[in-house]
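Residue-level structure breakdown
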Amino acid sequence: MPAKILSGREISAEVRGELKEKVEKLKAKGLTPGLAMVRVGEDPASASYVKQKGKTSEEVGVYSETIVFPGDTSEEVLLAKIAELNKDPKFHGILVQLPLPKHINQDRVINAIDPIKDADCFHPVNVGKLLIGKPYLLPCTPHGVQQILIRSGYSPEGKHVVICGRSNLNGKPLFAILIQKKTGANATVTVCHTGTKNLHEITRSADILVAAMGSPKFIKADMVKEGAVVVDVGVNRIQDPTTKSGFRLTGDTDFEALKEKVEAITPVPGGVGPMTVTMLMWNTIMAAEVQTGITAE
Ligand SMILES: NC(=O)c1ccc[n+]([C@@H]2O[C@H](COP(=O)([O-])OP(=O)(O)OC[C@H]3O[C@@H](n4cnc5c(N)ncnc54)[C@H](OP(=O)(O)O)[C@@H]3O)[C@@H](O)[C@H]2O)c1
């Protein structure tokens, strides 16, 4: 039987609906959650991501502002802006769109954001809190992966989850989320990378396989067990002369082949991608509640 397709678009619409209701309740109590987004330079991909985040903010009722700096802005100027945003009570979440131009030290910039306003959950304090099992906010893409699983009826609890990829953005935080002794987590998690031996053997042992490698169609049908649940985090641009633009997006799995074998799989596009921005809204709203003590309930 062909696999169930886990639509991140549908699940994120469901989560956004819940968040919108929450924001309405907060607004009735005088609180409008606010998100400040800082972008440096004219990278078209970054500009489009930030635009999407602004549109989603509007959809759920979060107030957002985008601050755009020219590509030659100094680190000092950027740090001064972050210091100002840290103090601005309008904003409960701050994010700096990455990557930054090479002359700016990315770590210094992330570390300058007040951890309580760290909407992306990249600050070392928040990463550390997550690892010790006392999370404040959760990193957006891994949290989106967890929500897709839970809301589709494939809770990771007690399952063997294999994550291919150990980046600070995806693989490592997803590991930290799924090993928590908590409902919706509590999984046995194996993390694979380029140093992993017998990768095929390990991926075939996964009840839930997450591909976050940045390697188009890397996970083939012989790398998954029958009945597994597959979440594809990869977003890769590959050439396709049949499309108008000459390219298309593909994930890290061989979707067409896998869908004949597995129980359920996320598509690319329309899988994990839409969840990331939605979970950013989740963080902003939660940060607003924590900072003000005003809650929706
Ligand atoms: N859906 C979304 O919202 C979203 C958000 C962020 C990123 N993404 C996408 O997710 C993908 C991964 O992004 P990332 O930032 O996590 O990538 P990354 O920083 O490049 O990390 C890739 C990871 O995959 C591992 N890897 C690569 N090739 C491998 C192979 N052949 N065998 C075993 N391990 C391998 C690497 O291992 P080593 O550590 O040994 O090098 C590394 O840990 C990209 O396609 C990106 O565009 C999607």
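So, how was this worked out
Residues numbered from 1 in each chain as written. Predicted model: local features only at pLDDT ≥ 70, side-chain atom pairs only at ≥ 80, totals over all residues. Helix = DSSP H or I, 4+ residues; strand = E, 2+ residues; numbered from the N terminus. Rg over C-alpha atoms; globule rule 2.2 N^0.38 Å. Buried ≥ 20, exposed ≤ 12 C-beta atoms within 10 Å, placed from the backbone. Contact = placed C-beta atoms within 7 Å.

**As for the overall build of the chain**
- Helix and strand counts for the chain stand at 10 helices and 11 strands.
- Rg of the C-alpha trace for the chain: 19 Å, near the compact-globule value of 19 Å for 297 residues, within the 12% margin.
- Each of the three principal axes of the chain carries a C-alpha extent, and together these read 55 × 45 × 35 Å.
- Sorting the 297 residues of the chain into buried and exposed places 43% on the buried side.
- Contacts in the chain between residues at least 24 apart in sequence constitute 70% of all its contacts with a sequence separation of at least 6.

**Focus on the environment of F175**
- Secondary-structure assignment places F175 in helix α7 (residues 171-178).
- Taking the number of C-beta atoms within 10 Å as the measure of exposure, F175 has 19 and is therefore partly exposed.
- C-alpha separation for the pair F175 and P267, spaced 92 residues apart in sequence, amounts to 21 Å.
- Not counting chain neighbours up to four residues away, the residues in contact with F175 comprise I163, V189 and V191.

**Let's talk about the environment of E76**
- By secondary structure assignment, the location of E76 is in helix α3 (residues 75-87).
- In sequence terms E76 and K90 are 14 residues apart; their C-alpha atoms lie 23 Å from each other.

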